[in-house]
Amino acid sequence: MTSPLRLRIILGEDDARKLILPAGTPVSIEDLCHTVKTSFGLQQDIRLQYQDEDFGNEFMNMSDVSEVKDKGTLKVIFLQSPQEENVRTSQSQATESVSISSADTDDTEPISSSGSSPSSRHWVWPSVFTVPQFSYEAEFELEKANTACANGGTLLNPSPKLKSQILERLAEEIYKFKAYPTDSDLTDVAEALVKKHPCLREQGSFNGCYGWKISLKYKMANLRTKLRGLGCTEVTINSIKNKSGDNRQAAFNVKKPKRAEVNYCPQHPKGQTSESLEQERVAILSELTKRNNDSVVSAKMEKTFSYRRQEVLQGQPMVADFKSRWPALFTVREIDKEFLRITTKPLLSTFFAELDQYAPRLMEIFLSKGGTPGKKIRGLMLAISKHDNIHTRRACILKSLCIYLNEDYEKLIKEYLDTDSEAKSCMEQTVMGVYVIQKEGAEPEDDPEDIGVLIEGVEALTDLGNIAQACALLFGLIYCLNLSYPPELKCTFEVLQKILLNLDGQKLSSKAQFLKNKLMG
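Read on for an overview of the structure. Residue indices begin from 1 for each chain and proceed along its sequence in written order. For a predicted model such as this one, the threshold for reporting local features is a pLDDT of at least 70, and the threshold for listing and counting side-chain atom pairs is 80 or more; totals across whole chains, interfaces and linings nevertheless cover every residue. Neither water nor hydrogens contribute to the side-chain values; these are computed over all heavy atoms in the structure.

This brings us to the side chain of Glu261. Only DSSP runs of H or I covering at least 4 residues are called helices, and only runs of E covering at least 2 are called strands; the numbering of each starts at the N terminus. Here Glu261 lies in the loop between helix H7 (233-236) and helix H8 (274-287). Each residue is assigned to one of three classes by its accessible area relative to the maximum for its type, calculated with a 1.4 Å probe on protein chains only: buried under 20%, partly exposed between the two thresholds, exposed over 50%. We treat Lys and Arg as the positive residues and Asp and Glu as the negative residues; His and chain ends play no part in the count. The term salt bridge refers to a pairing of a side-chain nitrogen on Lys or Arg with a carboxyl oxygen on Asp or Glu at a separation within 4 Å. In this structure, Glu261 is buried with no salt-bridge partner, the nearest side chain bearing the opposite charge being Arg259 at 4.2 Å. As used in this structure description, the phrase polar contact means that two N or O atoms lie within 3.5 Å; if the pair is within protein, one of them must be able to donate a hydrogen and the other to accept it, and residues adjacent in sequence are counted only when both atoms belong to side chains. Polar side-chain contacts of Glu261 include one of 2.8 Å to the backbone nitrogen of Arg259. Any two residues whose heavy atoms approach within 4.5 Å are treated as being in contact. In contact with Glu261, not counting residues within four places along its chain, are Ile342, Tyr479 and Asn482.

Spelled out as structure tokens, the structure:
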């Protein structure tokens, strides 16, 4: 059995990260470079260096994948064309005396793409909001007021001009992350503001900044109105004229991120229109018929991302129809990339790494469960004692997770025999789930005949490697197609989203919070 490969990846002077490769050592350096780029959202070409023991663990260019060792350290070297190097050199010379510090920024990573629109976002909402610099005049006035506040406790009553400047700058900074910030997000911003500038605290407010939060709420609404007039897709999608006859109310069916989507409804790339991107979509269908053409298809899928998202959000197409229009999306590689574009977080590598990291503790928690759920879980775990490998462990943990949350794992993972005459009709009636077709009389260690993903009775994916991969890809398709979680599995998917993938992980239901407390305890 192949053991997972654990690597320390150095991306910059103060930026080192952990990468787990569940499948072990890649077959080539090119595959390893692709995995590193995909996992960390790198768009630039790279080469890798490893630590050579013959030269005192100095970094050397990697020439063979056999040089990769478990728990080894690899260094990423970003490659640049001569033209880019010349531009960079001239820019550094022109700005030699200027330095920009990122010490106060959050540790979220940008996902950049060539030709992306100004509205494309590159960061998730930060765990600690950083208050931006205001105008020189505003900063000067605030500095004096902060000094007075520190010396005598005098609070500043900002003039309408100063307050407007502060709110406008904060609204611009908020919009870098979200067009529709939640009440909690606005509270974070208001608290960060009065923490950085104590003179702005409000007397009589229970937290010293409630008034600022309300002002920010209205300022963001005004900003969205301005952007709607300029044709910003992210807000025009919710204009009354773009809603159907029965839903023509401003507050009805607002399309906005609900599961930590970063690029929910992006603008088209510069110079592109819906018509030109439709031509690209048709070209993708032609490119799919060619061999060894993955790079061309991937580039065109990247280019048409905004067009595809707007089709999903505005048209809400049936899965069968959407698959016929965008067959390239329904592959393991493209689902992983689409999820990365939407959330800025790689799907498969993160899903498997976190699942494997929590596996020992999860098994301990699940096996301590009492009553009928505990008996079911212990029955499932017997499969590990009979055939212990990473795929069996992952499958048992995912099934046990459903039981632990008082949900039916058979609603998520549906198993059939290849001789079952009613299997096809049952699959056609499945709204959402993973199917596993076993050979009749097969041993527990035998691979299933087929594993895939069902959505609206359509086989969205087939011939997948294992159950855990199928569950991860089902989760990814929910994001790609903007689907709702199945009500009977909402707690399971919440745990996958908020605990395993840490997407909007600050707000948990009582069941998910209870499990998280046990995991961290």
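Within the structure shown, the criterion is met by 28 salt bridges. Between Lys290 and Glu287 there is a salt bridge; the shortest N-O distance is 3.5 Å. Residue classification places Glu287 among the buried positions, given a relative accessible area of 13%. Between Arg325 and Glu311 there is a salt bridge, and its shortest N-O distance comes to 2.8 Å. Placement of the pair is Arg325 in helix H11 (residues 319-325) and Glu311 in helix H10 (residues 305-315), with a sequence separation of 14 residues. Residues participating in the shared-partner salt-bridge network are Glu302, Arg308, Glu334, Glu338 and Arg341.

Two strands are counted as paired when DSSP detects at least two bridges linking them. Taken together, the four strands give an open sheet; going across it, the order is S6-S7-S8-S9, and neighbouring strands pair in mixed fashion. Of all the strands in the sheet, the pair left with one neighbour each is strand S6 (413-417) and strand S9 (458-461). Strand-to-strand twist of the sheet, defined as the mean angle between neighbouring strand axes without regard to direction, takes the value 40°. Strand direction decides the pairing type here: strand S8 (residues 450-455) and S9, joined by three bridges, are antiparallel. Bridged to Ile455 within S9 is Val458. Sheet strands touched by helix H17 (residues 467-480): S6, strand S7 (432-438), S8 and S9. Its angle to S8, the strand with the most contacts, is close to 20°. Here, axes are lines fitted to C-alpha atoms. For helices the fit covers the stretch in contact, and angles between N-to-C directions go from 0 to 180 degrees.

Once that is clear, we can look at the packing of aromatic side chains. Centre distance within 6.5 Å is the pairing criterion for rings of Phe, Tyr and Trp, where only the six-membered ring of Trp is used; planes under 30 degrees apart are then read as stacked, over 60 as edge-to-face, and the remainder as tilted. In this structure the tally under the stated criterion is 16 aromatic pairs. Plain terms: the ring middles of Phe206 and Tyr210 are 5.9 Å apart, the flat faces sit at 50° to each other, and that makes the pair tilted. A relative accessible area of 39% means that Tyr210 is categorised as partly exposed. On the numbers, 6.4 Å between centres and 10° between planes, the contact of Phe475 with Phe493 is stacked. Of this pair, Phe475 sits in helix H17 while Phe493 sits in helix H18 (residues 490-500), and the two are 18 residues apart along the sequence.

Bringing the packing of helix H13 (residues 348-367) against H18 into the picture now. Running from N to C, H13 and H18 cross one another at 90°; their axes reach a closest spacing of 10 Å. Compared by their axis directions, H13 and H18 come out roughly perpendicular. Of the residues in H18, those touching H13 at Thr350, Phe351, Glu354, Leu355 and Tyr358 are Leu496, Ile499 and Leu500. Across the contact of H13 with H18, the residue classes break down as six nonpolar, one polar and one charged. In these notes the angle categories are as follows: under 35 degrees is roughly parallel, over 145 is roughly antiparallel, 65 to 115 is roughly perpendicular, and the rest is oblique. Under the convention adopted here, Pro, Cys and the residues Ala, Val, Leu, Ile, Met, Phe, Trp and Tyr are nonpolar, Asp, Glu, Lys and Arg are charged, and Gly plus all remaining residues are polar.

Turning our eyes to something else, we now look at empty space enclosed by the protein. Using a 1 Å grid laid over the protein atoms alone, points where a 1.4 Å probe fits but cannot get out form a cavity; open sets with protein on both sides within 12 Å along at least 5 of 7 lines form a pocket; any residue with an atom within 4 Å of a point counts as lining. Grid points are joined across faces, edges and corners, and a volume is the space filled by probe spheres set on the points. Following the criterion strictly, the structure yields one cavity of 30 Å³ or more and no others. Approximately 60 Å³ is the volume found for the largest cavity. Considering the residues around the largest cavity, the lining is formed by Leu355, Leu362, Ile397, Leu398, Leu401, Val495, Leu496, Leu500, Leu515 and Leu519. Put simply, the parts of the chain that give the lining of the largest cavity at least two residues each are H13, helix H15 (390-404), H18 and helix H19 (510-520).

Let us now look at a negative patch on the surface. Without a salt bridge and with relative accessible area above 30%, a residue can belong to a patch; like charges are then joined within 9 Å and nonpolar side chains (Val, Leu, Ile, Met, Phe, Trp, Tyr) within 5 Å. Computed with the Shrake-Rupley method and a 1.4 Å probe, the accessible areas treat only the protein chains shown as cover for residues. By convention, charge coordinates are those of NZ in Lys, CZ in Arg, CG in Asp, or CD in Glu. A cluster of like negative charges, contributed by Glu443, Glu445, Asp446 and Asp447, occupies part of the molecular surface. Note that Asp446 resides in the loop between S7 and S8. In this structure Asp446 comes out as partly exposed when scored by relative accessible area, which is 35%.

With that settled, consider the environment of Met301. Along the chain, Met301 falls in helix H9 (residues 294-303). A residue is classified by how much of its surface remains accessible, and Met301, at 0% relative accessible area, is buried. Excluding residues that lie within four positions of it along the chain, Met301 makes contacts with Ile284, Arg308, Trp326, Ala328, Leu329, Glu334 and Arg341.

Next up on the list: the pairing of S8. Of all six residues that make up S8, six are buried, and the element is covered over most of its length. In this sheet, S8 lies alongside S7 in antiparallel orientation, the contact comprising six bridges. Counterpart to Val436 in the pairing with S8 is Ile451. Remark: two residues form the turn of the hairpin made by S8 and S9, two consecutive strands paired antiparallel; Glu456 in that turn has positive phi of roughly 55°.

A few words on the side chain of Glu494. The topology assignment puts Glu494 in helix H18. Judged by its relative accessible area of 9%, Glu494 falls in the buried class. What Glu494 contacts, discounting residues up to four positions off in sequence, is Tyr485, Ile499, Lys507, Leu508, Ser509 and Ala512.

A few words now on helix H5 (residues 183-196). Side chains that are three or four residues apart share a direction in an α-helix, a result of its 3.6 residues per turn. Here the expected span of a helix is defined as 1.5 Å times the quantity of residues minus one. Spanning 14 residues, H5 covers 20 Å between terminal C-alpha atoms, matching the ideal 20 Å at 1.5 Å per step. Within the sequence span of H5, burial applies to Asp185, Leu186, Thr187, Val189, Ala190, Ala192, Leu193 and Val194. Among the structural elements, helix H4 (160-175) and helix H6 (210-229) are those in contact with the buried residues of H5.

Moving on to the sheet that holds strand S3 (residues 46-52). A sheet is described by the order of its strands in space; here five strands give the open sequence S2-S1-S5-S3-S4, paired in mixed fashion. At either margin of the open sheet sits one strand with a lone partner, and together these are strand S2 (15-21) and strand S4 (58-61). This sheet shows a mean twist of 35° between the axes of neighbouring strands, independent of strand direction. Where helix H1 (residues 29-40) meets the sheet, its contacts fall on strand S1 (5-12), S2, S3 and strand S5 (72-78), and the angle it forms with S2 comes to roughly 115°.

Here the focus is unusual backbone geometry. Most peptide bonds take the trans form, and the phi angle of most residues other than glycine is negative. A positive phi angle, near 45°, is found at Gln316, a position not held by glycine. Mapped onto the fold, Gln316 is located in the loop between H10 and H11. For Gln316, a relative accessible area of 54% translates into the label exposed. Even without being a glycine, Asn502 presents a positive backbone phi close to 50°. Looking at where Asn502 falls in the secondary structure, it is placed in the loop between H18 and H19.

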